[in-house]
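Structural description and commentary
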Amino acid sequence: MLKNKLSTSERILQSALQLMKDKGFHLVTIKDIADKASVSEMTVFRHFETKKGVLEAAIETNTVVPSFKQTLDKIIIWDLEQDLLQIAHLYLDLMEQNESICLIAVQERASMPELADLVSENTEQLKGYITAYFNTMQEEKKMIPTNSYTQASTFLATLFSYFISTALWGEKFVNVPKEEFIKNTVQTFCHGLHP
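Bear in mind the structure is a predicted one, so any value in this text is a computation, not a measurement.

Digging into the overall build of the protein
When helices and strands are tallied, the protein shows 11 helices and zero strands. Counted from the first residue to the last, the protein has its helices and strands arranged as α-α-α-α-α-α-α-α-α-α-α. Projecting the C-alpha coordinates of the protein onto the three principal axes gives extents of approximately 60 × 35 × 35 Å. Scored against the burial criterion, the 195 residues of the protein give a buried share of 43%.

Below, the structure written as C-alpha cells:
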C-alpha cells in the first residue's frame with residue numbers, strides 16, 4: 001500500500017538504495033531496480049538516465065544538512081547539556097533515516113570516491129554549525145575556552161561511531177541503548193566543557 005502513495009521517482013530511489021545497501025552499487029542492475037520498484041527499465045532511465053544518476057539523486061534528495069540546520073536553529077536554548085542532547089538526537093535520527101546512503105558510501109569508498117567527498121562535505125557543514133554554537137557558548141561564558149572545531153569534530157565522531165557500529169553490527173559492538181549512549185556521551189562532554 002505504501003508503494004502506491006510514493007511517486008514513481010521516490011519508489012525508484014527507495015528501491016535502488018535498499019538494493020545497493022544490500023548488494024553493493026556495482027552488483028545492482030537497472031533491471032533489479034526497475035523490478036523492485038515495479039516499473040520498467042525505461043522508466044528508470046527516463047527519470048535518472050544512469051544507475052549512478054539514481055544514486056546521486058538519492059543522495060541529493062536525502063541530504064541531512066538543510067534539515068539539521070533548520071531544526072538546530074529551532075531547538076537551541078543555550079543550555080549546554082540540553083542543547084547537546086537535542087543535537088545528538090537530531091544527528092542520530094537523521095543518520096538512521098539515511099542509513100542506506102551511508103552504508104553505500106562506506107561500501108563504495110574506493111570505487112566512487114566522490115561519495116566519500118560528498119559525505120565529507122556534509123559532515124564539515126554539520127561541524128561548522130556545532131562549532132559556531134560552541135563559539136557562542138564560549139563568548140557567553142557558558143563553556144570553557146577550547147578549540148570549538150575540535151570539540152565539534154570529537155562530538156560528531158563519537159555519535160558517528162555509535163551510528164556506524166550499530167548499522168553494521170547491530171548490538172554486537174556497542175550493546176548500549178541509544179538513549180543511554182546519548183545521555184552518557186553528553187554528560188561526559190558537559191563535564192569537560194562546563195566552566
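Thoughts on the nonpolar core
Among the nonpolar cores identified, the biggest contains 37 residues, and Phe 68, Leu 80, Leu 84 and Phe 134 are the most heavily contacted of them. Of all the elements in the fold, those that place two or more residues in this core are helix H6 (65-75), helix H7 (80-97), helix H8 (99-107), helix H9 (113-139), helix H10 (148-169) and helix H11 (178-193). If you tally residues by element for this core, the top one is H7, at 10 residues. Once you skip the residues sitting within four places of it in the chain, Leu 84 turns out to touch Tyr 133, Phe 134, Phe 155, Val 186, Phe 189 and Cys 190.

Structural notes on the environment of Leu 92
Summarising the element assignment, Leu 92 is placed in helix H7. Residues Leu 92 and Leu 159 lie 67 residues apart in sequence; the distance between their C-alpha atoms is 7.0 Å. The contact partners of Leu 92, leaving out residues within four places of it in the chain, are Leu 159, Tyr 162, Phe 163, Lys 178 and Ile 182.

Brief notes about the side chain of Arg 11
Structurally, Arg 11 can be placed in helix H2 (residues 8-23). Although buried, Arg 11 forms no salt bridge, and the nearest oppositely charged side chain, Glu 10, lies 8.1 Å from it. Among the polar contacts made by the side chain of Arg 11, one reaches the main-chain carbonyl oxygen of Ala 37 at a distance of 3.0 Å.

Description of the packing of H2 against helix H5 (residues 51-61)
Orientation of H2 relative to H5, taken along the N-to-C sense of each, is 105°, at an axis distance of 10 Å. The angle between the axes of H2 and H5 places the two elements in the roughly perpendicular class. Of the residues in H5, those touching H2 at Ile 12, Leu 13, Ala 16, Leu 17 and Met 20 are Lys 51, Val 54, Leu 55, Ala 57, Ala 58 and Thr 61.

A closer look at the confidence of the model for the protein
Here the protein averages 86 in pLDDT, while 95% of its residues score no lower than 70. H11 holds the highest mean pLDDT among the elements of the protein, 94, whereas helix H1 (residues 2-5) holds the lowest, 52.

Topic: H6
The set of residues buried in H6 consists of Val 65, Phe 68 and Leu 72. Seen from one end, H6 has its buried residues packed into an arc of 60°, which puts them on one side. Facing away from the buried side of H6 by over 90 degrees, the exposed positions are Gln 70, Asp 73 and Lys 74. In the core, the buried residues of H6 are packed alongside H7 and H9.

Description of the packing of H8 against H10
Direction vectors running N to C along H8 and H10 enclose 85°, while the axes themselves pass 11 Å from each other. It follows from the interaxial angle that H8 and H10 lie roughly perpendicular. On H10, the residues that touch Glu 99, Cys 102, Leu 103 and Val 106 of H8 are Phe 163, Ile 164, Ala 167 and Leu 168. Here the residues of the contact of H8 with H10 are counted per class, giving seven nonpolar, no polar and one charged.

Considerations on the packing of aromatic side chains
Within this structure, the stated rule accounts for seven aromatic pairs. Ring geometry for Phe 155 against Phe 189: centres 5.0 Å apart, planes inclined by 75°, an arrangement best described as edge-to-face. Remark: Phe 189 occurs in helix H11 and Phe 155 occurs in helix H10; sequence separation between them is 34 residues. Exposure remark for Phe 155: the relative accessible area of 0% places this residue in the buried category. Chaining the aromatic ring pairs together yields one cluster made of Trp 78, Tyr 133 and Phe 134. A cation sits over an aromatic face here: Lys 69 above Tyr 129, 5.2 Å from the ring centre.

The rules behind these values
- Residues numbered from 1 in each chain as written.
- Predicted model: local features only at pLDDT ≥ 70, side-chain atom pairs only at ≥ 80, totals over all residues.
- Heavy atoms only, no water.
- Helix = DSSP H or I, 4+ residues; strand = E, 2+ residues; numbered from the N terminus.
- Buried < 20%, exposed > 50% of the residue type's maximum accessible area, 1.4 Å probe, protein only.
- Core = buried A, V, L, I, M, F, W, Y, C linked by side-chain atoms within 4.5 Å.
- Contact = heavy atoms within 4.5 Å.
- Lys, Arg positive; Asp, Glu negative; His and termini not counted.
- Salt bridge = Lys/Arg side-chain N within 4 Å of Asp/Glu carboxyl O.
- Polar contact = N/O pair within 3.5 Å; in protein donor to acceptor, adjacent residues only side chain to side chain.
- Axes fitted to C-alpha atoms, helices over the stretch in contact; angles between N-to-C directions.
- Parallel < 35°, antiparallel > 145°, perpendicular 65-115°, else oblique.
- pLDDT = per-residue confidence, 0-100.
- Arc of directions from axis to C-beta.
- Nonpolar A, V, L, I, M, F, W, Y, C, P; charged D, E, K, R; others polar.
- Phe/Tyr/Trp six-rings, centres within 6.5 Å; stacked < 30°, edge-to-face > 60°.
- Lys NZ or Arg CZ within 6 Å of the ring centre and 35° of its normal.

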